[in-house]
Amino acid sequence: MDNIAPAPAVLRVAIDMPRPTLFEYLAPPGFDVLDVPLGTRVRVPMGTRECIGLVMEHGGRASISAGSLRRAHALIDAEPLFDAPLMRLLRWTAQYYHHPAGEVIAAALPRALREGLPAAARIELWRVTAAGLTPSARTALQRAPRQRELFELLAAQPAGLSSDRLAASLPSWREAARALQSRGYLERLDAEAPPEVGCPAALPVSASLDAAPALSSAQTEAVASIEAAAGSFAAFVLQGATGSGKSEVYLQCAARVLDRGQSVLVLVPEIALTPQLIGRFRARLAAPLAVMHSALSDAERLAAWRSARSHGARIVLGTRSAVFAPMPHLGLIVVDEEHDSSYKQHDSGCRYSARDLAVVRAGQSQIPIVLGSATPSFETLHNLASARYRRLVLPRRPDQPEAPRLALIDLRAHAVTQGLSTPVLDAMRAHLAAGGQVLVFINRRGYAPTLLCTACGWIAPCSACDARLTVHRAAAQLRCHHCGAVEVLPQRCLRCGFTVKPVGQGTERVEETLAGLFPGETPLRLDRDTASSPAELDTLMHAVRSGAARILVGTQIVTKGHHFPGISLVVVLNADQGLFSMDFRAAERLAQTIVQVAGRAGRERSRGEVLIQTEYPEHPLLQSLLTGGYEGFAAAALRERAAAHWPPFGRLALLRASAPHAAAALEFLAAARAIAPVTAEVRLLGPVAAVMARRAGRYYAQLLLESRERGALHRLLDQWLPAVAALPQARRVRHVLDIDPIDIQ
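Overview of the structure. If you're wondering where the values come from, they're calculated on a predicted model, not measured in any experiment. (Residues numbered from 1 in each chain as written. Predicted model: local features only at pLDDT ≥ 70, side-chain atom pairs only at ≥ 80, totals over all residues. Heavy atoms only, no water.)

**Things to note about the overall build of the chain**
Thought 1: Within the chain one finds 20 helices and 32 strands.
Thought 2: Taking 27 Å as the expected radius of gyration for a compact globule of 745 residues, we find that the chain reaches 30 Å, a close match to that expectation.
Thought 3: Across its three principal directions, the C-alpha atoms of the chain cover 100 × 75 × 60 Å.
Thought 4: Across the 745 residues that make up the chain, the buried fraction comes to 52%.
Thought 5: Counting only contacts in the chain whose residues sit at least 6 apart along the sequence, the fraction spanning at least 24 positions is 75%.
Thought 6: With the model as given, the accessible surface of the chain reaches about 33,100 Å², and the carbon-plus-sulfur share is 52%. (Helix = DSSP H or I, 4+ residues; strand = E, 2+ residues; numbered from the N terminus. Rg over C-alpha atoms; globule rule 2.2 N^0.38 Å. Buried < 20%, exposed > 50% of the residue type's maximum accessible area, 1.4 Å probe, protein only. Contact = heavy atoms within 4.5 Å. Areas by Shrake-Rupley, 256 points an atom, 1.4 Å probe, with all protein chains shown as cover.)

**Here's the deal with the side chain of histidine 99**
Thought 1: Relative to the elements of secondary structure, histidine 99 occurs in the loop between helix H1 (84–96) and helix H2 (101–107).
Thought 2: Taking relative accessible area as the criterion, histidine 99 reaches 12% and is therefore assigned buried.
Thought 3: Residues contacting histidine 99, with those up to four places away along its chain left out, are Ala94, Val104, Gly349 and Cys350.

**Examining the nonpolar core**
Thought 1: Ranked by internal contacts, the top residues of the largest apolar core, which has 122 residues, are Phe82 and Trp720.
Thought 2: Here the element with the most residues in this core is helix H18 (residues 620–644); it accounts for 8 residues.
Thought 3: If we skip the residues at most four places from it in the chain, phenylalanine 82 touches Gly39, Leu54, Met87, Leu90, Ile105, Ala108, Leu109 and Trp305. (Core = buried A, V, L, I, M, F, W, Y, C linked by side-chain atoms within 4.5 Å.)

**A short note on the sheet that holds strand S4 (residues 49–59)**
Thought 1: Spatial strand order, S2-S1-S4-S3-S5: 5 strands in an open sheet with antiparallel pairing. For this open sheet the edge positions go to strand S2 (23–25) and strand S5 (74–75), each flanked by a neighbour on one side alone. (Pairing = 2+ DSSP bridges.)

**Some remarks on the pattern of salt bridges**
Thought 1: Applying the stated criterion across every chain, the model contains 33 salt bridges.
Thought 2: Bridged by salt links that share partners, the residues Lys344, Arg656, Asp738 and Asp743 form one connected network. (Salt bridge = Lys/Arg side-chain N within 4 Å of Asp/Glu carboxyl O.)

**Side note on the sheet that holds strand S23 (residues 486–488)**
Strand pairs in the sheet, formed through backbone hydrogen bonds, run parallel or antiparallel to each other.
Thought 1: Strands sit in the order S21-S22-S23 across an open sheet of 3 strands; the sheet is antiparallel. Each edge of the open sheet carries a strand with a single partner, namely strand S21 (470–472) and S23. Pairs of neighbouring strands in the sheet enclose a mean axial angle of 30°, with direction left out of account.
Thought 2: Across 3 bridges, strand S22 (residues 477–479) lies against S23 in antiparallel orientation. For glutamine 477, the partnering residue across the bridge sits in S23 and is valine 488. (Axes fitted to C-alpha atoms, helices over the stretch in contact; angles between N-to-C directions.)

**Comments concerning the state of the cysteines**
Thought 1: Summed over all chains, the structure comprises 0 disulfides.
Thought 2: Not engaged in a disulfide, the cysteine cysteine 493 finds its nearest cysteine sulfur in cysteine 453; these two sulfurs lie 3.7 Å apart.
Thought 3: Residue classification places cysteine 493 among the buried positions, given a relative accessible area of 5%.
Thought 4: We note that cysteine 496 lacks a disulfide partner, and the nearest cysteine sulfur, in cysteine 453, lies 3.5 Å from it. (Disulfide = S-S within 2.5 Å.)

**Considering the side chain of threonine 129**
Thought 1: Locating threonine 129 in the fold gives a position in the loop between strand S6 (122–128) and helix H4 (135–140).
Thought 2: Here threonine 129 falls in the buried class, since its relative accessible area comes to 13%.
Thought 3: Not counting residues within four places of it along the chain, the set of residues in contact with threonine 129 comprises Gly184, Tyr185, Leu186 and Glu187.

**A look at the packing of helix H5 (residues 145–155) against helix H7 (residues 174–182)**
Thought 1: Packing of H5 against H7 leaves a shortest axis separation of 9 Å and a crossing angle of 85°. Classified by the angle their axes make, H5 and H7 are roughly perpendicular. Within the contact between the two elements, H5 uses Arg146, Gln147, Leu150 and Phe151 and H7 uses Ala176, Ala177, Ala179 and Leu180.
Thought 2: Residue composition of the contact of H5 with H7, grouped by class: 6 nonpolar, 1 polar and 1 charged. (Parallel < 35°, antiparallel > 145°, perpendicular 65-115°, else oblique. Nonpolar A, V, L, I, M, F, W, Y, C, P; charged D, E, K, R; others polar.)

**Remarks on the pairing of strand S24 (residues 500–503)**
Thought 1: In S24, alternate side chains face the same way, and those of Val500 and Pro502 are buried while those of Lys501 and Val503 on the opposite face are not.
Thought 2: Strand direction decides the pairing type here: strand S20 (residues 450–453) and S24, joined by 4 bridges, are antiparallel. Paired with leucine 452 across the two strands is lysine 501, which belongs to S24.

**Quick notes on the packing of aromatic side chains**
Thought 1: One pass over the full model with this rule turns up 8 aromatic pairs.
Thought 2: Taking the centre distance of 4.9 Å and the plane angle of 85° together, the rings of tyrosine 96 and tyrosine 97 count as edge-to-face.
Thought 3: Here tyrosine 97 falls in the buried class, since its relative accessible area comes to 2%.
Thought 4: With centroids separated by 5.3 Å and ring planes inclined at 70°, the aromatic side chains of phenylalanine 324 and tyrosine 352 adopt a geometry described as edge-to-face. Linking phenylalanine 324 in the loop between strand S12 (315–318) and strand S13 (330–336) with tyrosine 352 in the loop between S13 and helix H12 (354–365), this pair joins segments that are 28 residues apart in sequence.
Thought 5: Accessibility expressed as a relative area gives 5% for tyrosine 352, which makes it buried.
Thought 6: Linked through ring pairs, Trp92, Tyr96 and Tyr97 together constitute an aromatic cluster. (Phe/Tyr/Trp six-rings, centres within 6.5 Å; stacked < 30°, edge-to-face > 60°.)

Quick look at the structure:
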């Protein structure tokens, strides 16, 4: 009988490509498969080009023929990029969200590492050779003073000195170094930099740090409970009114973790929140800190990633993607404003929830996690009711005024000036006369949401979206807030040539109106147009906190953790916007927004006041907020969700498709539904066009899957998705699966 050679062992590699399975390769030249550590990068051939992938598995037998197998070109890393817990998290993410592992890993790596740069920073190191240490070498240098000076400097440092250190000591050292190298007395090495290189400098223990304030009894209990869970998984929900001291609990828990030699990961929902939180952590904790968010340059992101991985940065503070930060000695995770929808990736790539992944990571690493919010998400409240999480409540501090008074202003019963009712204007005058500051909240950027022809009724449309263009009068532009299109603001109707006028209010128009109504004041506008960078935001924040600006007009950005001690009145202009939305989460978001923005009033001085303008004062949502607060509203809303088996009492997945023509997207989804396994445990709804069917020149449609059981939904997806990807119609569309979608519009 002929001997049959055994199938060669292979590496299974994740590559940044939209393919659900791993790619198989033979080990690089000079290596056996088991010599290549899991979690390291390899250069591999892909067609006629070369790619970089991450080794995920060692395979005993290839799934393709031996003749089709290709060999990896080279091993890039000597050690894994990720430790075992983080590798588990990446695998779990790919599996739970049914997303290609290569794209998940790409989201966890800086661009420079995806392109093959070293995982650790490298330095140019110079040191004396064995030949240089002989007596004859020293004798030979007697007549070369510059060479001798450099030689003596390096001889005193057997491990060598970096080029930066040499330049600081001897500015003209290179010529002497080359001469000594040619004589065999010095050698130049490319060495791995110590952890301090490329990361923020640590504050020394003796530095003048801000003293920790005395804790309230509730804060003390919260810190003790979190500290008692060290070394094990526990999820804590730190719930307290705005200004009740959640940040102080974070700081004191972080200090204890740092004392044990471990690291702390802090997630925030917005880049705008990072400067103030960085300032607080650096002022209180003598530990180096790295920042991770999308506004960093590629070099800054690489430096932060390296600092975290080397344990040089003991604190990592960042937005959504920082959940994947490589922290080998992680001891605590904090998710601030955990209810915020910004934690959900929803525009490209894997649609993961950073909050949910943070909980998974804490569980896999056996460490505590703290979810902080004054208005916890319904999912978090459900987990509290199911005893999966523990609630830690922070009541208002003894030195805080009472909770602000909330009142509804019926727009049907009062005169209105450019969106501002008479009672609101009277209240503003009273608070300003008493020395207070006023915050006017309207969650709409620009001057007006619509440009209307007064003769023919033409409304300025976006040519690429089913949306109206927003008027930005200061810039003399019309902008689409969905696709980013920009047009010149016309003076006359483009259809009939008659006069056009802006209709409705945005922050820019409200600012203009208030400047006219309050001539002694200079209103300040805070939105993504005026605070597009941390420096601009810091300038605006200083103007408000110093009292230089007494009227602030802002969008949702003002609700995200900012501290305005002088604001005594908050006005909510467009509360009705979320009352009748088709999105099942709209009411939850509206309630959270109202409570969060109300928390800006009366934080340090007298009791604040909140006025909510509405044409529907009898609406149950608004009434429940007034009578029962957020807890009362949430309890009633959760009962409705439970009756309908909607999240958090059911599980959803949304298959979204887009194409240049609407028919192609709907045809693909209809074909996908037709091949779905039939089961009583999962219901399919649709396909239907998206609420905004056309965006940026493409047509969008969706197919909804719902189930009462998570396991049943994922079992169906495991069986169904490979067949969906193989459909002929799939080649004519772009499609993506969204697990636990935050909206279904």
